[in-house]
Amino acid sequence: MIDNEIVELKAALFDLDGVIFDTEPQYTNFWRSQCQLYHPEIPGLENDIKGQTLVQIYDKYFDDVKDQQPIITQRLNEFEKTMSFPFIDGVEAFILDLRAHGIKTAIVTSSNIEKMNNVYAQHHNFRSMFDRILTSEDFCASKPDPDPYLKGAECVGVKPEECAGFEDSFNGLKSVRAAHEFTIGLSTTNTAESIKEYSDIVIENYINVDYEWLIEKFH
């Protein structure tokens with residue numbers, strides 16, 4: 001890049017849970033039930049696994065009960081079929097405003113296609129809000145590796161430095177940072193104080209957040 005070259009924002013990349021949808025409390029309840037069942041000796045374990053893929057969760061916390069992993073997965077799939085997917089306050093209007101100003105939008109989630117089909121069933125216009133929707137099946141490596149957000153930038157045809165990435169989990173924020181993208185943390189899952197060091201800016205929701213706001217912060 002040429003010195004002093006002004007980089008333009010061209011894309012906004014969003015995680016799903018805790019960033020688009022206010023689903024973290026539901027997942028916390030599910031994982032609390034499983035953690036209490038298999039690891040009652042570790043209170044609060046459901047909070048430690050936030051922002052990790054199912055493979056990461058199994059490898060790190062449920063490796064000692066490998067025979068139970070398919071059962072947990074089945075329970076999770078059934079749970080996700082009954083979940084509600086309420087939007088984070090202001091996110092729909094924010095995304096529409098970005099797209100009206102020519103900003104590409106994409107989902108970069110560790111969720112799988114089966115989970116996304118549950119989302120589409122509840123929100124019929126969801127796919128039309130984004131240029132691309134990338135799921136766990138699309139990535140070579142999981143967050144906090146930069147691959148998901150590098151792939152997100154590539155899929156909408158822009159450079160990583162021309163992107164803003166929106167995340168709520170530590171692994172997600174680290175992934176955006178590692179991809180050298182402008183990093184916006186949402187304090188929906190973790191406290192604003194705890195994610196501040198991994199974020200260029202922290203927001204609670206998208207109320208009073210629009211295209212002009214993002215452009216100002218980006219520069």
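Further up the page is the structure itself.
Residues numbered from 1 in each chain as written. Predicted model: local features only at pLDDT ≥ 70, side-chain atom pairs only at ≥ 80, totals over all residues. Heavy atoms only, no water.

Tallying each qualifying case throughout the model produces 10 salt bridges. As a salt-bridge pair, arginine 99 and aspartate 131 come within 3.1 Å of each other at their nearest N and O atoms. Within this pair, whereas arginine 99 is found in helix H5 (residues 91-100), its partner aspartate 131 is found in the loop between helix H6 (113-122) and strand S3 (132-134), the two being separated by 32 residues in sequence. Looking at arginine 99, the relative accessible area reads 29%, which means it is partly exposed. Among the residues examined, aspartate 131 registers a relative accessible area of 32% and is labelled partly exposed. Here the salt bridges share partners, and the residues they tie into one network are Asp15, Lys143 and Glu167. (Salt bridge = Lys/Arg side-chain N within 4 Å of Asp/Glu carboxyl O. Helix = DSSP H or I, 4+ residues; strand = E, 2+ residues; numbered from the N terminus. Buried < 20%, exposed > 50% of the residue type's maximum accessible area, 1.4 Å probe, protein only.)

So, on to the packing of helix H4 (residues 69-82) against H6. Closest axis-to-axis distance for the H4/H6 pair is 9 Å, and the angle between their directions is 15 degrees. Put simply, H4 runs roughly parallel to H6. Handedness of the H4/H6 crossing: right-handed. From H4, Asn77, Glu80 and Lys81 reach across to H6, where they touch Glu114, Lys115 and Asn118. When the residues that make up the contact of H4 with H6 are grouped by side-chain class, the tally is no nonpolar, 2 polar and 4 charged. (Axes fitted to C-alpha atoms, helices over the stretch in contact; angles between N-to-C directions. Parallel < 35°, antiparallel > 145°, perpendicular 65-115°, else oblique. Left-handed = near helix turned anticlockwise from the far one by under 90°. Contact = heavy atoms within 4.5 Å. Nonpolar A, V, L, I, M, F, W, Y, C, P; charged D, E, K, R; others polar.)

The next subject is the sheet that holds S3. Spatial ordering of the open sheet is given by S3-S2-S1-S4-S5-S6, a layout of 6 strands whose pairing is parallel. Since the sheet does not close on itself, it has two edges, and those belong to S3 and strand S6 (201-203), each with one partner. Averaged over all pairs of adjacent strands, the angle between their axes in this sheet comes to 20 degrees, without regard to strand direction. Taken together, the 4 bridges between strand S1 (residues 11-14) and strand S2 (residues 104-108) define a ladder with parallel strand orientation. The residue of S2 that forms the bridge with alanine 12 is threonine 105. (Pairing = 2+ DSSP bridges.)

To continue, consider the nonpolar core. In this structure, Phe14, Ile20, Phe62, Phe126, Phe166 and Tyr206 are the most contacted members of the largest nonpolar core, which totals 53 residues. Those residues in contact with isoleucine 20, other than ones at most four positions away along the chain, are Phe14, Asp15, Pro86, Phe87, Ile88, Val91, Ile95, Ile107, Phe126 and Phe130. In terms of nonpolar packing, the next biggest core, distinct from the first, is built from 13 residues, Val108, Leu134, Val156 and Cys163 among them. (Core = buried A, V, L, I, M, F, W, Y, C linked by side-chain atoms within 4.5 Å.)

The next point concerns the packing of aromatic side chains. Applying the stated criterion to the full structure yields 19 aromatic pairs. Judged by centre distance (4.6 Å) and plane angle (15 degrees), the ring pair of phenylalanine 14 and phenylalanine 166 falls under stacked. Note that phenylalanine 14 is positioned in strand S1 and phenylalanine 166 in strand S4 (residues 163-167), a separation of 152 residues in sequence. Residue classification places phenylalanine 14 among the buried positions, given a relative accessible area of 0%. The exposure class assigned to phenylalanine 166 is buried, which follows from its relative accessible area of 0%. (Phe/Tyr/Trp six-rings, centres within 6.5 Å; stacked < 30°, edge-to-face > 60°.)

Here the focus is helix H7 (residues 147-155). Listed as buried for H7 are Asp147, Pro148, Tyr149, Lys151, Gly152 and Ala153. Tucked inside the fold, the buried residues of H7 contact S1, S2, S3, S4 and helix H8 (170-178). In the stretch just after H7, glycine 157 is the one whose phi turns positive, near 75 degrees.

Here is the key point about a regular strand: its side chains alternate between the two faces of the sheet. The element S4 is largely enclosed, with a buried count of 5 among its 5 residues. A two-sided burial pattern is seen for S4, the buried positions comprising Cys163, Gly165 and Glu167 on one face and Ala164 and Phe166 on the other. Two elements, S1 and S4, share 4 bridges in a ladder whose sense is parallel. By the bridge assignment, alanine 11 is partnered in S4 with cysteine 163. The pairing of S4 with strand S5 (residues 182-186) spans 4 bridges and is classified as parallel. Bridge pairing links alanine 164 to phenylalanine 182 in S5. Between the parallel elements S4 and S5, the chain passes through H8 in a crossover that is right-handed. (Right-handed = clockwise from strand over helix to strand, strands pointing away.)

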